[in-house]
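The lines below spell out each chain.
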Amino acid sequence: MTAYERRWETRRGGGRSAGDEARESYYGLPVIHRAPWRWEIPTYFFLGGIAGASYVVAAIADLVGGREERPIVRVGRYVSLATLIPSPLLLIRDLGRPERFHHMLRIFKVRSPMSVGTWGLTVFGAFVTLSALIQAAEDGLLDRFPPLARLLRGLPRRLIAALGAGPALFVSGYTGVLLAATAVPFWTKNYLLMGPLFVASALSNASAAISLILSLAGRGDHRALRKLERLHWITSAGEALLLAAVRRNSGPTIARPLNEGRLGQVYRRGVLGAGLGLPMLLGAPGAWLGRRLPRGVTALAALLTLIGGALLRYLIVTAGHRSADDPQATFELTRARDR
Amino acid sequence: MSTTVARDRPGLTGTTGARPGAVGFLTDTTLCIGCKACEVACKQWNQLPMDELGFTGHSYDNTGDLGATTWRHVAFIERISDEEGRRPTSMRAFQSNWLMMSDVCKHCVYAGCMEACPTGAIIRTEFDTVVVQQDVCNGCGYCVPACPFGVIALDLGDGHARIGDGKAHKCTLCYDRLRDGLEPACAKACPTDSIQFGRVEDLMDRAQQRVATLREQGVAGAHIYGDRAVGGTGGIEGLNAFFILTAPPEVYNLPAQPELPQRKTIPASLATVAAGLVFGLAAVLSLRRR
């Protein structure tokens, strides 16, 4: 659909007359412009979140865990690298002028979450690469380059993990702040909830991704898996609570995209049901009762969480677009209060 | 700071945070006759490509809204019925039920698009106007949802004949004409002086006098849109391109009390850090050695 066609789309649906709509708004036309972002952006929110949070999980397991937690550290570092690599490519692809991507690095601007985010992602990229290289050296993957492998093995692994955890947590959550600092009603109305929601979802997705790989690899690290399942459960519960808070805080007009149509189905059945409720139900015996779950069940719960995490990013971005197109949502936020 | 006489009624206070010497527009909607000369002059001077032709079927407004290649937009509001939905039997002031307004970039004192821009492409000029440097913009699109007025847009083409340049565009307040000591094309072309160009402090004085006159003549709803009380609220601190309206701003598709979006950055960041600490602690407790 072209921008021009979309310009008139919003007012065609209701079957109301020009007179009706002109009383409440300007013929039902949007007050603000929706973000021009395509599928690349929610996909980046999903993958970048996993990259940041799996680095955090690996770093914490490295710092406070023991020998049992080593598989988590190892897989976490590789997952972090694997999900980080496509992230800048997606961001560059979405630009109107991709060949000018480096203009992002002209300046550092504290007031712009996107500028801070670009630099955060750049710094984080260095930590992810270094930690993954160290892990590769420890795993003997770099034995063909003995001096490099020796050098990497000699680096202060845990210090690097501790320093990198900050930028990693930043990358998993700044995108929520980036959405909050706009005029889009659904995003800015929930400005205190967007960042926390993205952090919770990123950690839940990351622990799911790591436990999916560990359970499919089929090695004997049940104790590590159980710890991961607990983290997975806690962060999923946090995400569910935050998502419910978002709907409540939005109020009926701004929450309309969550309550209506296909997107409402995605919210209720997709994100809340299949992405959060079902994996929590499947994982509870393992996380809290100390039961040893069949690997298939763990893997299924993890897979559902990952699908739910991707759907969440799609939901939040699309609901923002819908609320930007709805003049009543904008007016609810900006109506004069002192007249 | 402009030193204008403060009055107690919102929309009549006329206080603005505009910097001394800033230039802008006063768009007096009571003088607009909907001729769209401003739209045409803008397109001509700035060599903006045509939009895809379409028919809204709603009013005389087939332009729709402001966009990457439409920097002036004349809104047409036909007030067919009164507030209670009845057809009026007597004409109000100006003997017409039409409201017409030539909308434009507001050149905010604190501009959401400029704050959001991660490349520094959007700058404040020596005239205190807000301009997108076309050789810097990389089309990230973050300025678009950051504008509380729906002004700036990416030129992504119309999907048919024309291919967009992928960059963000909006009114420059005719930066090139200002450099040469000329007034912007739309103000120059406006046959009724509905669009007036000048220093913001002078225009604000003129607007206050005009609102007072209109109210004396019985136009009770006349007010300024774009001072600190209406339109330039929430950290925006005033609009260098402001308006005289005779109906609530929503009627013209304008937000009454918008907010600078970046006001949310610090509280949102603090909330995110707090969540990071809470969930980080959960991770420490879950993963620690036992």
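Residues numbered from 1 in each chain as written. Chains lettered and ligands numbered in written order. Predicted model: local features only at pLDDT ≥ 70, side-chain atom pairs only at ≥ 80, totals over all residues.

(A) Spatial organisation of the overall build of chain B. Secondary structure summary: chain B contains 7 helices and 10 strands in total. Going through the 290 residues of chain B one by one, you find that 55% of them count as buried. (Helix = DSSP H or I, 4+ residues; strand = E, 2+ residues; numbered from the N terminus. Buried ≥ 20, exposed ≤ 12 C-beta atoms within 10 Å, placed from the backbone.)

(B) Region of the structure containing the overall build of chain A. Scanning chain A for helices and strands turns up 15 helices and 0 strands. Whereas a compact globule of 339 residues would reach a radius of gyration of roughly 20 Å, chain A reaches 22 Å, a difference of no more than 12%. For the C-alpha atoms alone, the extent of chain A along its principal axes is close to 75 × 50 × 40 Å. Burial analysis of chain A (339 residues in total) assigns 58% to the buried set. In chain A, of all internal contacts separated by at least 6 residues, the share reaching a separation of at least 24 is 77%. (Rg over C-alpha atoms; globule rule 2.2 N^0.38 Å. Contact = placed C-beta atoms within 7 Å.)

(C) Expanded view of the packing of helix α8 (residues 157-180) of chain A against helix α10 (residues 191-217) of chain A. Residues and elements named next belong to chain A. It is the contact of α8 with α10, at a shortest axis distance of 7 Å, that shows an interaxial angle of 155°. When the axis of α8 is compared with that of α10, the two are roughly antiparallel. Judged by the sense of rotation from one axis to the other, the crossing of α8 with α10 is right-handed. Contacts between α8 and α10 involve S172, G173, T175, G176, V177, L179 and A180 from the first element and Y191, M194, G195, L197, F198, V199 and A202 from the second. Taken together, the residues of the contact of α8 with α10 break down into 9 nonpolar, 5 polar and no charged. (Axes fitted to C-alpha atoms, helices over the stretch in contact; angles between N-to-C directions. Parallel < 35°, antiparallel > 145°, perpendicular 65-115°, else oblique. Left-handed = near helix turned anticlockwise from the far one by under 90°. Nonpolar A, V, L, I, M, F, W, Y, C, P; charged D, E, K, R; others polar.)

(D) Geometry of unusual backbone geometry. In this model, D193 of chain B sits at a positive phi of 60°, which is unusual for a non-glycine residue. Along the chain, D193 of chain B falls in the loop between α5 (185-189) and β8 (195-199).

(E) Spotlight on the packing of helix α11 (residues 222-254) of chain A against helix α14 (residues 295-325) of chain A. Residues and elements named next belong to chain A. The contact between α11 and α14 brings their axes to 12 Å, and the two run at 20°. In this view, α11 runs roughly parallel relative to α14, as classed from their interaxial angle. By crossing handedness, the relation of α11 to α14 is classed as left-handed. Taking contact as the criterion, the partners of L225, E229, H232, S236 and I254 in α11 are, on α14, T298, T305 and S323. Its residues assigned to classes, the contact of α11 with α14 shows 2 nonpolar, 5 polar and 1 charged.

(F) Quick look at the domain arrangement of chain B. Segmentation of chain B into domains returns domain 1 (23-259) and domain 2 (264-290). Between the C-alpha centres of domain 1 of chain B and domain 2 of chain B the distance comes to 44 Å. (Domains from an automatic or database assignment.)

(G) Highlighting the pairing of strand β1 (residues 23-28) of chain B. Residue and element names in this part refer to chain B. Most of β1 sits out of view: 6 of its 6 residues are buried. Taking every second residue as pointing to the same face, both faces of β1 are buried, with V23, F25 and T27 on one and G24, L26 and D28 on the other. Sheet topology places β1 next to β8; 5 bridges connect them, and they run antiparallel. By the bridge assignment for β8, G24 is matched with G198. In terms of strand pairing, β1 meets strand β10 (residues 241-245) through 4 bridges, oriented parallel. Residue pairing across strands places L26 opposite F242, the latter belonging to β10. (Pairing = 2+ DSSP bridges.)

(H) The arrangement of helix α15 (residues 327-334) of chain A in detail. For α15 of chain A, the tally of buried residues reaches 6 of 8 residues, placing the bulk of the element in the interior. The elements touched by buried residues of α15 of chain A are α9 (185-189), α11 and α14 of chain A.

(I) Representation of the sheet that holds strand β9 (residues 223-225) of chain B in the model. Residue and element names in this part refer to chain B. With mixed pairing, the 4 strands of this open sheet are ordered in space as β8-β1-β10-β9. Two strands close off the open sheet at either side, each with one partner strand: β8 and β9. Recorded for the sheet is a direction-independent mean angle of 25° between the axes of neighbouring strands.

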